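Residue-level listing of the chains:
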Amino acid sequence: MNQYKDTKMEILLKDDGTKGFAMSRENNKRVGMMTYSIAGKNLIIIDHTDVDPEFNGKGVGKQMLYKIVEMAREKNIKIVPLCPFAASIFRKSDDIRDVLK
């Protein structure tokens, strides 16, 4: 688990071998989720991002994406961002393109 200093946000990562997610929580309340499918040993596909409307514009989605990117780097896997939100962050952020498929 990684907590971000600028917020009380906590980002959890979980997977079951075929699907996974990053979940963002603040004060034990779920405020966002980014889901992905595991498409092989070296590839995941981010397919959906959902953020509580109260937290829109506060970087929740980006924090979840960066947590997944961190995991991808550790496992040496690539990411296909089918989710429009994740795809837009990859387009804007040079610092994470190393994991882009």
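Look up a bit, the structure's there.
In this report, we go over the structure that sits alongside the text.

What counts as what
- Residues numbered from 1 in each chain as written.
- Predicted model: local features only at pLDDT ≥ 70, side-chain atom pairs only at ≥ 80, totals over all residues.
- Heavy atoms only, no water.
- Helix = DSSP H or I, 4+ residues; strand = E, 2+ residues; numbered from the N terminus.
- Rg over C-alpha atoms; globule rule 2.2 N^0.38 Å.
- Buried < 20%, exposed > 50% of the residue type's maximum accessible area, 1.4 Å probe, protein only.
- Contact = heavy atoms within 4.5 Å.
- Areas by Shrake-Rupley, 256 points an atom, 1.4 Å probe, with all protein chains shown as cover.
- Core = buried A, V, L, I, M, F, W, Y, C linked by side-chain atoms within 4.5 Å.
- Phe/Tyr/Trp six-rings, centres within 6.5 Å; stacked < 30°, edge-to-face > 60°.
- Lys NZ or Arg CZ within 6 Å of the ring centre and 35° of its normal.

Within the protein chain, the secondary structure is distributed over two helices and six strands. Along the protein chain, from the amino end to the carboxyl end, the secondary structure elements read β-β-β-β-β-α-β-α. Here the protein chain has a C-alpha radius of gyration of 13 Å; the compact-globule value for 101 residues is 13 Å, and the two agree. Along the three orthogonal principal directions, the C-alpha set of the protein chain runs to about 35 × 30 × 20 Å. A buried classification covers 42% of the 101 residues belonging to the protein chain. For the protein chain, long-range pairs separated by at least 24 residues make up 39% of all intrachain contacts whose partners lie at least 6 apart in sequence. Accessible surface computed for the protein chain: about 6000 Å², of which carbon and sulfur atoms make up 50%.

The next subject is unusual backbone geometry. Peptide bonds are, in most cases, trans, and in most cases residues other than glycine have a negative phi. Within the chain, Asn28 stands out as a residue other than glycine whose phi angle is a positive 65 degrees. Relative accessible area serves as the criterion here: at 66%, Asn28 is assigned to the exposed category.

Moving on, we come to helix H2 (residues 84-92). Listing the buried residues of H2 in full gives Ala86, Ala87, Ser88, Ile89 and Phe90. If you follow the buried residues of H2, they end up packed against strand E5 (43-51), helix H1 (60-75) and strand E6 (78-81).

As a further point, take the nonpolar core. Ile46, Leu65, Ile68 and Ile79 are the most contacted members of the largest nonpolar core, which totals 25 residues. Element by element, the count of residues in this core is highest for H1, at seven residues. For Ile46, the residues in contact, after removing those within four places along its chain, are Met34, Thr35, Tyr36, Leu65, Ile68, Ile79, Val80, Pro81, Leu82, Cys83 and Ala86.

Counted according to the given criterion, the structure contains zero aromatic pairs. Over the ring of Phe55 we find Lys58, and its NZ or CZ is 5.2 Å from the ring centre.

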